[in-house]
Amino acid sequence: MSRVRLVAERLRFAYEGHRVVDDIGLEVGGGELVGIIGPNGAGKSTLVRLLAGVAVPQEGRVLLDGEPLLARSRRDIARAIALLPQDPRVEFPFTVLEVVLMGRAPYLGGLGFAAGDDVAMARAALVRLGLEGMEARGLDTLSGGERQRVFLARALVQDPQVLLLDEPTTHLDLRHQSAILDVVRERVRRRGVAAVAVLHDLNLAAVACDRLVLLAGGRLVAAGAAAHVLTTERITDAFGTEVRVGRHDGSDVPTVLPPPRDA
Amino acid sequence: MTPSGAALVVLALLAGCDGAAPPPRAAGAARVVVLAPSATETVFALGAGDRVVGVCAQCDYPEATAKLPKLGGYLTPSVESVVGVRPDLVIVVPSPGNREAVRAIERTGVRVLVVQDRTLDDLFTSIVAISEALEVSDAGRRLAADVRSRLDAVRARVASQLRARVLLVVGHSPLIVAGGGTLQGELVEIAGGTNVAADVGNAFPQVSLELVVARAPDVILDAAMGTEEGGRALFAQLTTVPAVANGRIVSVGSDVLFRAGPRVPEAAAALAAAIHPG
Amino acid sequence: MRAAYLTRRRVIVVTAALLVLLLASLLAAAGIGPVPASLWRALAPGAAGTTDYMIVVQTRIPRVLLAGVVGAALATAGAGFQGLLANPLADPHVLGISGGAAVFGAAVLVMGVDPVSPIVPLVAFLGALGAMTVVVLVARTGGRTTPHALLLVGVVMNAIAAALIMLVNAVASYRQAQGVLFWMMGALTTQDYSLVALVGGYAIVGAVVLLHHAAALNLLAAGEESAASLGVDVERVRRAVFIAAALLVGAAVSVSGMISFVGLIVPHVLRLALGPDLRLLVPASFLFGATFLVWADTVARTVLGPAELPVGVITALLGGPFFLFLLRRSLRGGPR
């Protein structure tokens, strides 16, 4: 991992009296993909929104390259950090290409008309995500998985240094889950992007991410290598259910499964 | 009485008011409620004012009505109040708003007399109907004759003058005028004018300013709510219209003009004075 | 199928085409009316003082122009509100502004001011401003002004306005109440070129403000979080758009009463034809809204012979059933 890009310090965020994020700190560096895991309601999405500067913490702060994130202008933040929100959708029938071009907005002035370069970037992203030929289709005609990939393309053309993904694989089948994370990892490796992904699937997280962060009840319960975080005790505590932790294909990477049916 | 036309330009198409039914003969009505200003004036003019025990809120003539209980609006009578004064006769003019109230009053067994108020014919018919219901038919005949002769007097006064082309305005914006088949249109004719909007269908049609230019009235009678200045400002630019060029835009009071009651000859006289001054 | 994305060129081409359509419509409408009058004779040199001139220049042209600017204002406001509320079936009258204008206008009419007096639109506009201020302040909770909140507060404002208007009518005389009703139904009677210029200039300013925020509104279509992460100051944009659109509606209603459906149908139909991008939709709504109301008013002026219908009746008769049709289509989950 190269230098630290994004630092969260003692973040606290409460909603209607309920502490959603409680004293969380973490660091993400360029060239690494950090996975955030935890049960529903653990505060994962809120944490990502705080990291993106889209939500404001009641206490604590986020630093981007050593500077407080919220001291920057929104446009500056948008050029540095891209967010792929959970279950994204668009209210009006914009085309695939139009949605991807929205990612160029932080770089466009005036009325925001895209130039040739912007369009080329957008098209390249569509190709990379297996969506070529669909650029003129209305977003509302796509499947959930295809939509997800369009929004990832949008995040990529933002040319960010930090990539924040909130459950990017939820609607995708196995093939596309792998493909998406491959694309993210490629960005991370090739361009030194710092990436954070909230993942539901513990095993996918174990395989794809360099480090894991386990949240439960708004608190950071464990952080580090997958083998360190994904222990039977920790998972059982955090998720409130029995699991069996094994090893993936003889490697160090843990696998987590519910107990066998007839055990 | 009613500025019904203005009211019913739109609503009349939907309303389909009931016609007047001949009044049932019965013993002389001693307690009478009158729910329309025009009919109230007629009852008092027939000398039966002492029998009136309640009127509508807008019934303000003659002065004696000031002391009478007000039983709701002309359009929205209060059924309870009406029934509460124990009338044996209720006189109404139909409108879309009071149909339910009238039915409710009928259901309580009180005799209801319905009269119309749209035209001069309606006026004379209603005088007859009311006088018969009150058993003062002689007074009714005298009243009708009196109204007729006073109208004839107005006709006579202007008979020697050239008929003027007249537009009677009842609303400024939108521009609404008195069409043919209205009481007001008839009064214009009696007062020595030709209603230039007589052929423009409907009782009180909305028209465009260009129609005023095309019809080029000699006199514009302004009976609209609003101000004199407003009326003048409205037509000020239309200098090819004789009424505008010659400063013949005349405000006419609208109280009596919109009541088909016994004071109609006064309205006719006022119009005549406006159309043919001097 | 339309192009994959919106280019500057397309905006220019479509806008120019709609502008030509509008100019042609203005010209045609100036030549149509219940009274035969020749446009050419009226505009010929030395025609001043003839009835043709009087009719065309003094009565028709100002009216047609007023219909144009009011239609432009309403349709542009509609496009803005539909973008703001993320709802293609939003109507600008729904946000309570029109109610505020109507109440104040009605009150002033009942107090005896002539409907032709410039005091009426002025006071009505103040009412619109007041209503807008109340809606903005009340809908803003926790520093956020959500579409949901705007809608709810607007509906309540309209209900209050309707009740107040009933109160005004109840205490007014019968004929005054009728006058109020007619004023509210929409009247484009005017000979005042300066009024037309005022409303027109106003409409252009409002449209420019909306266009300025059009790209941000496009981004908002993907949700608050997406827009914020793309650099949009969501709260500021929402408030600016709401205020600009509210002022457009306020100006239109103050001058011409409640003309319904223009603000709903025009942007909605244009969106179906041109796509949802507001950078095209705003100028297109402006120009086509003007054209639409010019023709609706022309129909209102001529369909009943010498008498005319209130223009609001025509837009309601055209717009109402069409709106039902659109609603059914959208409920069936049809194509948008």
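Along its length, chain A carries nine helices and twelve strands. Its C-alpha atoms put chain A at 60 × 40 × 35 Å along the principal axes. Within the span of chain A, comprising 263 residues, buried residues form 48% of the whole. Taking all contacts inside chain A whose residues are at least 6 apart in sequence as the whole, residues at least 24 apart take part in 67%.

Turning our attention to the interface of chain C and chain A. Taken together, the 24 residues of chain C in the interface contact 30 residues of chain A. Of all the secondary structure elements, the ones that give two or more residues to the side of chain C that touches chain A are helix 9 (214-220) and helix 10 (224-229) of chain C. Per element, the largest residue contribution to the side of chain C that touches chain A is four residues, and it comes from helix 10 of chain C. The class makeup of the residues in the side of chain C that touches chain A is 13 nonpolar, five polar and six charged.

Let us look at the interface of chain B and chain C. Facing 33 residues of chain B, the contacting portion of chain C comprises 31 residues. At five residues, helix 8 (residues 209-215) of chain B tops the list of elements feeding residues into the side of chain B that touches chain C. In the side of chain B that touches chain C, the residues fall into 18 nonpolar, 13 polar and two charged. Relative to strand 3 (residues 307-308) of chain C, strand 8 (residues 206-207) of chain B is paired through two bridges, and the arrangement is antiparallel. Bridge pairing in strand 3 of chain C places Q206(B) opposite E308(C).

The pairing of strands in a sheet happens through backbone hydrogen bonds and is either parallel or antiparallel. Residues and elements named next belong to chain A. Pairing is antiparallel in the open sheet, where four strands are placed in the order 2-1-4-5. Both edges of this open sheet fall to strand 2 (18-29) and strand 5 (67-68), since each of them pairs with a single strand only. Here two bridges tie strand 4 (residues 59-64) to strand 5, and the two strands are oriented antiparallel to one another. Bridge assignment links L64 to a residue of strand 5, and that residue is E67.

A separate point is the sheet that holds strand 4 (residues 111-114) of chain B. Residues and elements named next belong to chain B. Spatially, 2-1-3-4 is the arrangement adopted by the four strands of the open sheet, whose pairing is parallel. This sheet does not close on itself; its edge strands, each paired only once, are strand 2 (52-55) and strand 4. Each neighbouring strand pair of the sheet contributes to a mean axis angle of 20°, computed without reference to strand direction. Sheet analysis places strand 3 (residues 89-92) next to strand 4, joined by four bridges and oriented parallel. When the bridges of strand 4 are listed, V92 appears paired with V114. Strand contacts of helix 2 (residues 37-45): strand 1 (32-34), strand 2 and strand 3, with the helix running at about 140° to strand 1, the strand carrying the most contacts.

Residue and element names in this part refer to chain C. Between its first and last C-alpha, helix 3 (residues 51-84) extends 48 Å over 34 residues, near the 50 Å set by a 1.5 Å rise per residue. Maximal helix bending in helix 3 amounts to about 40°, located at R60; proline P62 follows within four positions. Within helix 3, 33 of the 34 residues are buried, leaving the element largely enclosed by the surrounding structure.

Put simply, side chains in a regular strand alternate between the two faces of the sheet. Residues and elements named next belong to chain A. As paired strands, strand 11 (residues 244-247) and strand 12 (residues 254-257) are joined by four bridges and run antiparallel to one another. Bridge pairing links R244 to L257 in strand 12. Connecting the antiparallel pair strand 11 and strand 12 is a turn made up of six residues, with D249 showing a positive phi of about 55°.

This next bit is on the packing of helix 8 (residues 193-212) of chain C against helix 13 (residues 278-302) of chain C. All names here are of chain C. The geometry of helix 8 relative to helix 13 is characterised by a closest axis approach of 9 Å and an angle of 165° between their N-to-C directions. Viewed along their axes, helix 8 and helix 13 adopt a mutual orientation that is roughly antiparallel. Crossing handedness for the pair helix 8 and helix 13: right-handed. Residues A207, L210 and L211 of helix 8 form the contact with helix 13, whose own contacting residues are R279, V282, P283 and F286. For the contact of helix 8 with helix 13, a count of residues per class yields six nonpolar, no polar and one charged.

Moving on to the confidence of the model for chain C. Looking at chain C, pLDDT values average 89 and 98% of them are 70 or higher. What the predictor reports for the complex is a pTM of 0.88 with an ipTM of 0.91.

Here two pairs of chains make contact, and the pair sharing the most contacts is chains B and C. Regarding chain A and chain B, which are not in contact, the minimum distance between any of their C-alpha atoms is 40 Å.

All names here are of chain B. For strand 5 (residues 164-171), the tally of buried residues reaches seven of eight residues, placing the bulk of the element in the interior. With four bridges joining them, strand 5 and strand 9 (residues 219-222) adopt parallel strand pairing. Along strand 9, the bridge assignment pairs L167 with I220. Linkage of strand 5 to strand 6 (residues 176-177), two consecutive antiparallel strands, is achieved through a turn of four residues.

All names here are of chain C. Contact geometry of helix 4 (residues 97-110) with helix 6 (residues 147-171) gives a least axis separation of 8 Å together with a crossing angle of 10°. On the basis of the axis angle, helix 4 is roughly parallel to helix 6. Across from G99, G100, A102, V103, A106, A107 and V110 in helix 4, the residues of helix 6 making contact are M157, N158, A161, A162, L164, I165 and V168. Class assignment for the residues of the contact of helix 4 with helix 6 results in eleven nonpolar, three polar and no charged.

Next up on the list: helix 6 (residues 137-159) of chain B. Residue and element names in this part refer to chain B. Its 23 residues give helix 6 an end-to-end C-alpha distance of 32 Å, which sits within 8% of 33 Å, the value for a rise of 1.5 Å per residue. When we look at burial in helix 6, the residues that qualify are G140, L143, V147, V154 and V158. In the core, the buried residues of helix 6 are packed alongside helix 2, helix 5 (120-133), helix 7 (183-190) and helix 11 (264-275).

Rules behind the numbers
Residues numbered from 1 in each chain as written. Chains lettered and ligands numbered in written order. Predicted model: local features only at pLDDT ≥ 70, side-chain atom pairs only at ≥ 80, totals over all residues. Helix = DSSP H or I, 4+ residues; strand = E, 2+ residues; numbered from the N terminus. Buried ≥ 20, exposed ≤ 12 C-beta atoms within 10 Å, placed from the backbone. Contact = placed C-beta atoms within 7 Å. Nonpolar A, V, L, I, M, F, W, Y, C, P; charged D, E, K, R; others polar. Pairing = 2+ DSSP bridges. Axes fitted to C-alpha atoms, helices over the stretch in contact; angles between N-to-C directions. Expected span 1.5 Å × (residues − 1). Bend = angle between axes of the 7 residues up to and from the residue. Parallel < 35°, antiparallel > 145°, perpendicular 65-115°, else oblique. Left-handed = near helix turned anticlockwise from the far one by under 90°. pLDDT = per-residue confidence, 0-100.

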